Structures are given as C-alpha cells and as structure tokens.
Amino acid sequence: MILGRKAVFLLFLLLLSSVVNAELLATVSPKDPNVSVMSLYLDESADFEVTVLNDGPDLVEGVMVKMSVSDGLKIIDGGVEKTTVSHEIDSINSTEKEILLVKVKPTELSSNKLFLYVDYGEHDYTHLSATFLNVSESPLLIETNLSKTALDMGEEAFVALSLKNTSSEPITDITAELIVFSGLESMNGDIYLASLAPGEGYEAKEFVFRADPEVTGEKPVVLQISFEDKAGKHVVEKNFAVEIQSKQTIIYLIVAVIVLLIIVAFLSRRGESKPIKTLEKPIVKELEGKSL
C-alpha cells in the first residue's frame, strides 16, 4: 500500500515537471519568412532562427540551448565550421521570447534530408526541436585553392578562385569577397561579374591576405561567393584555416633541443665507470738463497 502511494506520488511529480517544462517552447525555422522548407546548394550558407518562448506565468532562468546538425551539414560560427554550438540565456520573462541566429551550410551532396536540431531546457536539455533542409548541386562550379596553411608572422598567402557556369542558362550578379578575421589582413578587394553565359568560365583570381606581424595561432579565412540564377540569390562560403607561427621561435626551440641532447649525451658518458683491472702480486721465487 505504501509502495503504491509512493508510485502515485512520483508519477504526480513527473507530470508536474512535464507541465512546468512545457512552459518553455523552442522552434527553429528559416530566417526568411517566405521560405517554409530550405533548399540549398553545396556549400551554400543560410540563416535559421531559433525562437525560445516562455509560455508560462513565471520567470524562467538558466535556459540552455544547443544547436547541432546531422552528417553532411555544418554550423558556421565566426568563420569556423562546427557540428555543435551552445548558448545559455540568463532569464526569459513570462510571455517573452529570445531569438538566436544560426548559420548552416551543407558540405556534402545527399539525396536525404539534412537536419538541424535544437536541444533546450531549464538548467538541462530536456526537450528537442528540429527542422530539415534539402541539398543539391550548384550550377556554378566553384574551385578554390589555399596557397599555404602555415604562415610566418607578417607573411602573405592567397586563395585562388575559378568559376564556371555548368548550366544551360546564364548566371548573373556574381560577387566574390575574401573575409578575414582578427590576426589577418585582406590585401585586395572583391570581384564582380555581371554574368557568365552557359559554359563560360572565369580563371584564377587570387585573393591575397597577410598575417599580423604580432599575432600567432589558428585563424579562419572565408571566401564568400554570391550569385543569382533562376532559383534566386545564393551565397556560397568556402572555409579555410591558417596557422600563424613564428619561424624564429621554432628555430630557437630546435637549437635548444639540440643543445639539451648534447648535454645529456656528455653527462651520460661522464657517468660511465671504466672497468678496474685487478693487479696480481708477482710470484717471487728464490733460487739458491737468492731472490729472483
């Protein structure tokens, strides 16, 4: 009987918890209100809105929100491709909402739907919301190449770009721009092409950038290409990363390691003890009373 009462009480607490958590609602949808289901080209980026609503009568604190993606899809955060991004909202008043923006792009062609997931809850991830998008091949063939992945401080590098219209219709209003972040400097401007006819190409524009003479570490680089076709306007992003390092510091480290190895070898040789030979006492014989 007592066990039955405890079970009923625990069930009551579980239902009460579900009702309380249900007051916090989250939805995810394309930022463009005219789009219900997003369809993107390979490497095309698009913004989604995550709306977190407090539908209850009381203040909600410690709201946790985590965005994640299925295989073939990436979240773009500060020019870096990620699979998960987390946010924490201090509080949301009753009937109020918070809107978070998340940028995604497909990195693989797939005939299946690609999903963007949103886990959320109060102090924990207790609920899930999701949306999906479709991916297809772009009519604009974009080829890029990063000249160097490692730079000395103050050194220059470039991203080479070539384009080709592989469709049977013209592609118009083409713009390409190199976007760099703190620690890098773009050395030339963007390019603009009014149109590319079917089968027409554009060869190897080089976007030069320079590393800051006083900064080290890994830095993102983004080549952003926008264009229009019969389906509308599109923005494609090619993401790279470069490592800025001091070659002088590396040389000093190599020299220090070599010196350390020499010292260790010298000390180990000094510590070796040579074998000690035992001297035998000579045998003295006496012949006829005379010592020999």
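As shown above, the structure is provided for reference.
Described below are features of the structure shown in this document.

Parameters and conventions
Residues numbered from 1 in each chain as written. Predicted model: local features only at pLDDT ≥ 70, side-chain atom pairs only at ≥ 80, totals over all residues. Heavy atoms only, no water. Helix = DSSP H or I, 4+ residues; strand = E, 2+ residues; numbered from the N terminus. Buried < 20%, exposed > 50% of the residue type's maximum accessible area, 1.4 Å probe, protein only. Contact = heavy atoms within 4.5 Å. Areas by Shrake-Rupley, 256 points an atom, 1.4 Å probe, with all protein chains shown as cover. Salt bridge = Lys/Arg side-chain N within 4 Å of Asp/Glu carboxyl O. Pairing = 2+ DSSP bridges. Axes fitted to C-alpha atoms, helices over the stretch in contact; angles between N-to-C directions. Polar contact = N/O pair within 3.5 Å; in protein donor to acceptor, adjacent residues only side chain to side chain. Phe/Tyr/Trp six-rings, centres within 6.5 Å; stacked < 30°, edge-to-face > 60°. 1 Å grid on protein atoms, 1.4 Å probe; cavity = no way out; pocket = protein on both sides within 12 Å on 5 of 7 lines; lining within 4 Å. Points joined across faces, edges and corners; volume = space filled by probe spheres on them. Nonpolar A, V, L, I, M, F, W, Y, C, P; charged D, E, K, R; others polar. Patch = residues over 30% accessible without salt bridge, like charges linked within 9 Å, V, L, I, M, F, W, Y side chains within 5 Å. Lys, Arg positive; Asp, Glu negative; His and termini not counted. Charge placed at Lys NZ, Arg CZ, Asp CG, Glu CD.

Tallying secondary structure elements over the chain gives 2 helices and 21 strands in all. For the chain, buried positions account for 32% of its 292 residues. Of the contacts made within the chain by residues no fewer than 6 positions apart, 69% connect residues no fewer than 24 positions apart. Entry remark: accessible area of the chain is about 18,400 Å², with carbon and sulfur atoms responsible for 55%.

Another aspect to go through is the pattern of salt bridges. Oppositely charged side chains may form a pair once their charged atoms are brought near each other. Scanning the entire structure with this criterion turns up 7 salt bridges. Among the salt bridges present, the one from aspartate 43 reaches lysine 238, with a minimum N-O distance of 2.8 Å. Here aspartate 43, found in the loop between β2 (38-41) and β3 (46-54), pairs with lysine 238, found in strand β19 (residues 232-245); they are 195 residues apart in sequence, far enough to count as distant. Each of the two residues, aspartate 43 as well as lysine 238, counts as buried. One salt bridge connects glutamate 155 with lysine 148, and the closest N-O pair in it is separated by 2.4 Å.

A sheet is described by the order of its strands in space; here 5 strands give the open sequence β1-β3-β8-β5-β6, paired in antiparallel fashion. A strand with exactly one partner marks an edge of an open sheet, and here the two such strands are β1 (24-30) and β6 (80-82). The sheet shows a mean angle of 35 degrees between the axes of neighbouring strands, taken without regard to direction. As judged from the 4 bridges shared by strand β5 (residues 73-77) and strand β8 (residues 97-106), these two strands associate in the antiparallel manner. Each residue of the ladder has a partner; that of leucine 73, found in β8, is proline 106.

The next point concerns the pairing of β5. As paired elements, β5 and β6 share 3 bridges and run antiparallel to each other. Note that in β6 the partner of aspartate 77 across the bridge is valine 80. Linkage of β5 to β6, two consecutive antiparallel strands, is achieved through a turn of 2 residues, within which glycine 78 is found at a positive phi near 60 degrees.

Overall, mixed pairing links the 5 strands, which are arranged β2-β10-β9-β4-β7 in an open sheet. The open sheet terminates on both sides in strands that have one partner only, identified here as β2 and β7 (84-92). Across this sheet, the average inter-strand angle for adjacent strands is 25 degrees, counted without regard to direction. Relative to β7, strand β4 (residues 60-69) runs antiparallel, the two sharing 8 bridges.

For lysine 238, a relative accessible area of 17% corresponds to the buried category. Here aspartate 43 takes part through its side chain, which lies 2.8 Å from a polar atom of the side chain of lysine 238. Beyond its immediate chain neighbours, meaning those up to four positions away, lysine 238 contacts Asp43, Lys105, Ile142, Thr144, Val221, Val222, Leu223 and Ile225.

Another aspect to go through is the packing of aromatic side chains. Counted according to the given criterion, the structure contains 3 aromatic pairs. Pairing phenylalanine 115 with tyrosine 117 gives two aromatic rings, centres 5.9 Å apart and planes at 15 degrees, and the pair type is stacked. Take phenylalanine 115: its relative accessible area is 29%, and that puts it in the partly exposed class. Classification of tyrosine 117 as partly exposed rests on a relative accessible area of 27%. When the ring of phenylalanine 115 is compared with that of phenylalanine 132, the centres are 6.0 Å apart and the planes differ by 55 degrees; the resulting orientation is tilted.

The computed volume of the largest pocket comes to approximately 430 Å³. Residue lining of the largest pocket: 19 residues in total, with Met38, Leu40, Glu44, Ala46 and Lys233 positioned closest to the centre. Listed by contribution, the elements that provide at least two residues to the lining of the largest pocket are β2, β3 and β19. Class assignment for the residues of the lining of the largest pocket results in 7 nonpolar, 5 polar and 7 charged. Size it by volume and the second largest pocket reaches roughly 160 Å³. What lines the second largest pocket is simply Leu42, Asp43, Glu137, Ser138, Leu140, Leu141, Ile142, Thr166, Val236 and Lys238. At the level of elements, β11 (140-146) and β19 are the ones that each hand at least two residues to the lining of the second largest pocket.

In this structure, phenylalanine 227 sits in strand β18 (residues 217-229). In this structure phenylalanine 227 touches Tyr41, Ser138, Leu140, Ile171, Thr172, Asp173, Ile174, Gly232, Lys233, His234 and Val236, once residues within four positions along its chain are discounted.

On the surface, Glu61, Glu88, Asp90 and Glu122 cluster together into a negatively charged patch. On the basis of relative accessible area, glutamate 122 is assigned to the partly exposed category, the value being 31%.

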